[in-house]
Amino acid sequence: MIVPMKHISLFALKDDEKRIMKTLQRNGIVQVTKQPDPTTDDAALKAASELYKRSCETELMEASANVSRIKSCLGRLTVYLPKEGMLAAAPEYPDEELVSSVPGALSVCDELDALMKKAAALRTEKERTAAALKQLAPFRAMDVPLEIIKPTRSADFLLGTMKADRAERLKDSGVMADSFGAGQRVAVLAAVPKKDPEETLAALKELGFNEASLPGYEGLAEDNYERLEEKLESIALESAENSKSIAALAENAATLKKGLDGALIEESSKKAKCSLFATRETFSLEGWVRSDEEEKLKALLSGVTETYCLETRDPFDDELPPTYCKNNKFFAPFEFITNMYSPPDPRGFDPTVVMTPFYLLFFGLMMGDTGYGIVMSLAAFLYLKIKKPTGGTAQVAQILVWGGLSTAIFGLLAGTFFGMNWYDLFSESFPFPLLDPMKDQMTAILVYCGLGFLQIIAGMIVSIVLHIKKGDWQTALFDIGSWLMIFAGAGLVFGLSGWAKYLGFALAGIGLILLVGFGGRAKKGIGRVIGGLGKLYDITGFFSDVLSYSRVFALGLATGAMGYAFNLVVSIVKDMLKGIPVVGGVVSFIVAAILLALLHAFCIAINALGAFIHCARLQFIEYYNRFYTPGGKLFAPLGIKTKYNKVK
């Protein structure tokens, strides 16, 4: 059921703003909307409004920056954070404690920023030192202090490297040079006369001389190299200590998570505040409240202040209020399925109740394995009880609980048990399955498509009811009811005999007359006839939609086939391992048990995902197109939304 919305306008004193907004946030019953500044010629009023707006924007920027900083800090520390169990329940704290944790979390962020900055500086220094070592390495054998290699009046000196065999040819080329070291490349110190240096430089180039520059060094190259090695070791030790300090900050994970949730609460509050209009003395708020919580809102405001004015009204025709659907505990989780497609139009129809039974029916048939259904339902139930999730996660888990029960039931009627056929487990006389898709594929396809056809008929009936409620009886009778008559008549003709057949012909004939005669009623003359005849082409759409339900058979068959294949693989592996002397029996049993658990867990996960998606697709494409009006926006009240902790 879609709950009607009330538009609210609240006026109160500026002194009560914080208390009112905190009360609204804690109770989560009002969606605050952005309101334009009222037009006024009062310069003082405009100035006060602009001042308030700038203040709000500054506060929001600060709150958003805090959220980003703490998120970034947690992201950097992810590798050091202790692993939490999937079923670990989130801790609970008062919202004030979460908000008060923000400064402590920011302090941890400051420490991390300083350590990360130091780590970056150490990396830079390490790279610079490593480059210097690489540069000095070829000259370690030189016995000439580096600082004395300076130009003289008559010559310049070049330091570099070249291949050892070419260094021996330097003197033959008329170049005054000494070589140092051994190996393929050696260090070379060459003298280049200042007078006519071209010949010497040309000879060096021809022999493959690579010039090197070693500025700022004093003493032997070997001594400098050793000092740099010691420096590199010192940098490595300092980096290790810095990394330990970073890892130690992971001990503040709880503070960071509380601080992030507190920052998210503050950010939400500041966003709402930026939607207000305020002067020095008063402020105003506009938004939406559920009609069934209007009195609760008044009571909350009265508990905070006696000085306020609250005006409520129904939405204008040109307004699009938010959508809120209210269903009982069984149907409520399945709102998630509809919202994946689009929330319903707030003036439309909530399809949850008429969709859920069909969703569970086809989900169970798509999975079609009793063992898988029991495991899935129990796992989802334990997750809900232990982890206690909220929001969409809780809804999906609840869907899987009911989907697992449906799978267990339809696995008994038309499926398997962990990939094993029921008659293999018991005997041929065992009454289940009633329909074996593995043996009788055509019958299974016809049954599943028949069930799909029933869902399409149900969608048409819902559409008729909705059109009649709106007073559009012509669409209900001529465009939809006529097809129901045709289908009902055809069913009587092919399903019964005797006088009932003629009743079927009559009913189908009336349906055809209504469809062709009034299907093109919006047009005139020959266009009306052509439009009515064109309506007959819709039969192809019906056939296409019905055939889409064959995917139910395909997915159910895939689940059973995968389970059977996994059982066969494990059986082969077990037989192979039995041949191991002495311990073969034990080893084969352990390996087989582990393999079965892993493979069937994978099978449950992949087929549950397939059933979840394809079953939703059947609702969206083949069912909702009969009656559903999408386009709504979910009711999003100002509230407390956290990531890691729950609020008491």
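Residues numbered from 1 in each chain as written. Predicted model: local features only at pLDDT ≥ 70, side-chain atom pairs only at ≥ 80, totals over all residues. Heavy atoms only, no water.

Asker: So what's going on with unusual backbone geometry? Residues and values would help.
Answerer: At Asp196, a residue that is not glycine, the phi angle is positive and equals roughly 55°. Here Asp196 is to be found in the loop between strand S6 (185–193) and helix H6 (198–206). Classification of Asp196 as exposed rests on a relative accessible area of 56%. For Phe418, which is not glycine, the phi torsion reads 50° and is therefore positive. Along the chain, Phe418 turns up in the loop between helix H13 (391–414) and helix H14 (422–425). What makes Phe418 partly exposed here is its relative accessible area of 23%. (Helix = DSSP H or I, 4+ residues; strand = E, 2+ residues; numbered from the N terminus. Buried < 20%, exposed > 50% of the residue type's maximum accessible area, 1.4 Å probe, protein only.)

Asker: Please set out the nonpolar core residue by residue, giving values where relevant.
Answerer: The tendency in soluble globular proteins is for nonpolar side chains to be buried as a group. With 53 residues, the main nonpolar core has Ile337, Tyr359, Phe362, Phe363 and Met460 as its most contacted residues. Of all the secondary structure elements, the ones that give two or more residues to this core are helix H11 (352–367), helix H12 (370–387), H13, helix H15 (441–469), helix H16 (473–495), helix H19 (538–547), helix H20 (550–577) and helix H21 (584–623). Every residue in contact with Ile337, bar those within four places of it in the chain, is listed here: Met355, Tyr359, Ile399, Phe612, Ala616 and Phe620. Ranked by size, the runner-up nonpolar core spans 24 residues in total, among them Val30, Ala278, Leu310 and Leu638. (Core = buried A, V, L, I, M, F, W, Y, C linked by side-chain atoms within 4.5 Å. Contact = heavy atoms within 4.5 Å.)

Asker: How would you summarise the packing of aromatic side chains if you had to cite specific residues and measurements?
Answerer: For the structure shown, the criterion picks out 28 aromatic pairs. Judged by centre distance (4.9 Å) and plane angle (80°), the rings of Phe330 and Phe331 are edge-to-face. A residue is classified by how much of its surface remains accessible, and Phe330, at 28% relative accessible area, is partly exposed. On the accessibility criterion, Phe331 (16% relative accessible area) is buried. Taking 6.0 Å as the distance between ring centres and 70° as the angle between the ring planes, the aromatic pair formed by Phe349 and Phe627 counts as edge-to-face. Taken together, the positions of Phe349 in the loop between helix H10 (335–341) and H11 and Phe627 in the loop between H21 and strand S11 (646–647) put the pair 278 residues apart, joining distant regions of the chain. One aromatic cluster in this structure is built from Tyr341, Phe349, Phe358, Phe620, Tyr623, Tyr624, Phe627 and Tyr628. (Phe/Tyr/Trp six-rings, centres within 6.5 Å; stacked < 30°, edge-to-face > 60°.)

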